[in-house]
Amino acid sequence: MIKKFFLRHSNLILSRWIVLVIDVFLMECALIIANLLRFDFVLSELTIYHIRMQMLMLAVIGVISILITGSHKGLIRHTSQKDIFNIIKVGTLTIILLATINYGLFLFDNMNKRLVIGGVEYWMLVPNSVLLIFYPISLFLLLFFRMFIKLAYYNLTIQEKLNRIHVLVYGAGKEGIGVLQTLAGLPSSPYKVLGFMDDHPGKIGKSVQGVPIVNPESVTREFLQKREIEEIILAMPNISEKQKDVIYERLLDLNVAIKSVPPVETWINGELNLHQIRKINIEDLLQRDPIRLDNQTVLREVFGKSVLITGAAGSIGQELSRQLLHFNPSRLVLVDQAETPLFELEQELTEVVQTLESRSYFQKISLCYIVADVSNNDRVKLLIAEEKPHLVYHAAAYKHVPLMEAHPLEAIRVNVFGTCNLADAASENGVEKFVMISTDKAVNPTSIMGATKRLAEIYIQSLNHNPGNKTAFITTRFGNVLGSNGSVTRTFNKQIQAGGPVTVTHPDITRYFMTIPEACQLVFEAAAMGSGGEIFIFDMGQPVKIVDLARNMIRLSGYTPDREIKIVYSGLRPGEKLYEELLNDKERTLPTHHPKIMKAKVRDYAFDEVSRMVGYMTEPVRNGDRRALVRLLKQFIPEYISNNSIYRTLDFDIERERKAVEIKRTN
Ligand SMILES: NC(=O)c1ccc[n+]([C@@H]2O[C@H](COP(=O)([O-])OP(=O)(O)OC[C@H]3O[C@@H](n4cnc5c(N)ncnc54)[C@H](O)[C@@H]3O)[C@@H](O)[C@H]2O)c1
């Protein structure tokens, strides 16, 4: 019956006034018991009358004590140490007040006066001997009431929640034990911890709070199935990326969902919050040891300055904007041609800025969102002349290789002309630094996208050395970033959610990957170290086989690759390479003070020559002559050889012409 009552009322919260009434009632009970004990259970009529008067006084004093200490405000089912302390305060205060009244009556009596109520004389309201017995009994009853409710609530309601997810916690250290305590202590917890996994020989076979610690090697699919374990929570946030890789590899084979908890330092008031337990995603699997950023140098570079970001509503632009805010620029001008994503960014950043500005050390930032097309020269000129930013981060671009292969005019218009417009305006208006976000696809390009980015790089580098220019033009080059708009991980996620198949272009295709925050941190670091004219390239780690990436993403979603979700090969798309160029090739790079940033060794071009070349392109763009345009690109960037593209024939034509010229010369 009690069980049913608790289950039915498990969500009921007692009003604080009801708690107050119950507490006073319990104190009254304690007073009666104390009197009974004091008078050996023999009460005369007079004593009963006295007790009634004591109870009246206690009701008043009890309410005052409870209101002063606020002991009625805590949730009974979650009674904590603080609540227990409050109860002790209530009991003590009540005793002190009653004793004080007794003392007052004693003085009154000494003045030969008598307190007479209803014809009965009082010398002491509650005899001191009764008070001494009353004190421990009242504390006991008040605490017992709370403990009874708490235990009954936890035991009866939690035990009943049998549909909780069975989990194992990987790591029986402080984080692991914290996870157990959190999950065991929360009535709303969706998890039940069945065990710990820990490879420390001293811990295996032991238990923590009754939960056994097992050797990770003994945890097999059968082990999990037998115990209906659906998830493993990784509670070892401070191990190295290498150790994590080993653990992930082991766990991925078990076909369970993997979750993780953050380091204990980030727990709120030392307690883990349920929402801090989050699913491991592919970014975690590809994460490398965190990048050490020289925050002071970046701060010096950005603090109090006006910064303009193009492509601000894109994946990289957004992250640049978010991270830049923390370096407290005076103004952030966010430019993009995509109206809705820019609007959404505005909503997000407004909140971030409000939080930042509430900190005393933070100075006001003005944010400005501008819808503009960087290929519109008049618009760009006006914008830069009006804003006169100190720094420009240029991330606006078209980036999809097969799409740009089909639309070379657009690729030239945005990636080349757009960059030239911005760079010219920056130079004319004395912008301090101009940082272009480029890509590994610009190295030995095989696509129109890569070639247009390379031409843009060449343009800004040559402009950097042009006499009269004062702007430092810097290029940052890196490989794919995980989870960016249209990236392979987003496509795979959608395909997995739809039940497959997952399409991979080629079984051998590899790519270098980095997370967006990592890439942006390196952009800031490189920008801060650059003095102009450099192409900085980032260490992307080891290349990742796309088919392995697909397999891991399928396993992370709890499916078995090739069995539950199929992988199909769709063939290389126009302009695509099988292997992306190795950026940090020692032959072609120089080290910098940052271990993850190198400087590319590239040939210098004269600005006049580059500017003339870009000028030649305006005509075919206007006429829509794609082949003429791509031919010009190839003439200017000899290493640009098309791959899997209709423009491959142009390479043969150019080669034939070159040979013909050579033969003519030798004859
Ligand atoms: N995503 C990657 O994996 C990756 C890797 C290395 C380098 N990069 C480079 O970073 C840059 C940005 O990539 P992203 O992933 O953020 O792309 P994205 O498509 O998410 O963002 C590009 C943004 O530029 C804007 N834009 C395009 N044309 C514009 C124009 N004419 N005027 C104004 N805004 C315009 C778009 O609206 C979009 O918001 C690209 O140059 C890309 O080559 C990307």
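Residues numbered from 1 in each chain as written. Predicted model: local features only at pLDDT ≥ 70, side-chain atom pairs only at ≥ 80, totals over all residues. Heavy atoms only, no water.

### Structural notes on the environment of S438
Rule in force here: Strands here are runs of E lasting at least two residues and helices are runs of H or I lasting at least four, both read from the DSSP assignment and numbered beginning at the N terminus. Relative accessibility thresholds used throughout: buried, under 20% of the residue-type maximum; exposed, over 50%; partly exposed, between the two (1.4 Å probe, protein chains only). Whether two residues are in contact is decided by their heavy atoms, any of which lying within 4.5 Å being enough.
Its place among the elements puts S438 in strand 14 (residues 433-439). Judged by its relative accessible area of 4%, S438 falls in the buried class. Placed 37 residues apart in sequence, S438 and T475 show a C-alpha to C-alpha distance of 6.6 Å. Every residue in contact with S438, bar those within four places of it in the chain, is listed here: K453, E457, T475, T476, R477 and F478.

### Details of the site of the ligand
Selection criterion: Here a residue is considered near a molecule or strand provided that any single heavy atom belonging to it is located within 4 Å of it. Distance and chemistry together define a polar contact, namely a pair of N or O atoms within 3.5 Å, with one atom able to donate a hydrogen and the other to accept it when in protein, and with adjacent residues in sequence counting only for side-chain atoms on both sides. Using a 1.4 Å probe, accessible areas were evaluated by the Shrake-Rupley method; residue-level cover was limited to the displayed protein chains. All residues other than Ala, Val, Leu, Ile, Met, Phe, Trp, Tyr, Cys, Pro, Asp, Glu, Lys and Arg, Gly among them, are scored as polar; the first ten of these are nonpolar and the last four charged.
Around the ligand, 27 residues are found, and the nearest of them are D336, D373, K453, V481 and N485. S315 has a polar backbone atom sitting 2.9 Å from an oxygen atom of the ligand. Within the contact set of the ligand, an oxygen atom lies 2.8 Å away from a backbone nitrogen or oxygen of V481. Relative to its unbound accessible area of 820 Å², the ligand is 92% covered by the protein chains. The element best represented in the shell around the ligand is strand 14, accounting for 3 residues. Of the residues that constitute the shell around the ligand, the class distribution is 13 nonpolar, 10 polar and 4 charged.

### Quick word on the pairing of strand 8 (residues 257-260)
For the record, the criterion: In this analysis, strands are considered paired if DSSP registers two or more bridges between them. When the strands point away from the viewer, a crossover counts as right-handed if the route from the first strand across the helix to the second turns clockwise.
Because side chains alternate across strand 8, one face comprises the buried residues A257 and K259, and the other comprises I258 and S260, equally buried. Relative to strand 8, strand 7 (residues 229-234) runs parallel, the two being bridged by 4 bridges. Each bridged residue has a counterpart across the sheet, and for I233 the counterpart in strand 8 is K259. In the classification by handedness, the crossover that spans strand 7, the intervening helix 8 (residues 241-252) and the parallel strand 8 is right-handed. Sheet analysis places strand 8 next to strand 9 (residues 278-279), joined by 2 bridges and oriented antiparallel. In the sheet register, K259 faces strand 9, and the bridge partner there is K279.

### Comments concerning helix 10 (residues 295-302)
Our working rule: Throughout, the arc means that of the directions going from the helix axis to the C-beta atoms.
Of the positions making up helix 10, those classed as buried are V298, E301 and V302. Projected onto a plane normal to the axis of helix 10, the buried residues spread over an arc of 85° and lie on a single side. Among the structural elements, strand 10 (306-310), helix 11 (315-325), strand 13 (391-394), strand 14 and helix 18 (516-529) are those in contact with the buried residues of helix 10.

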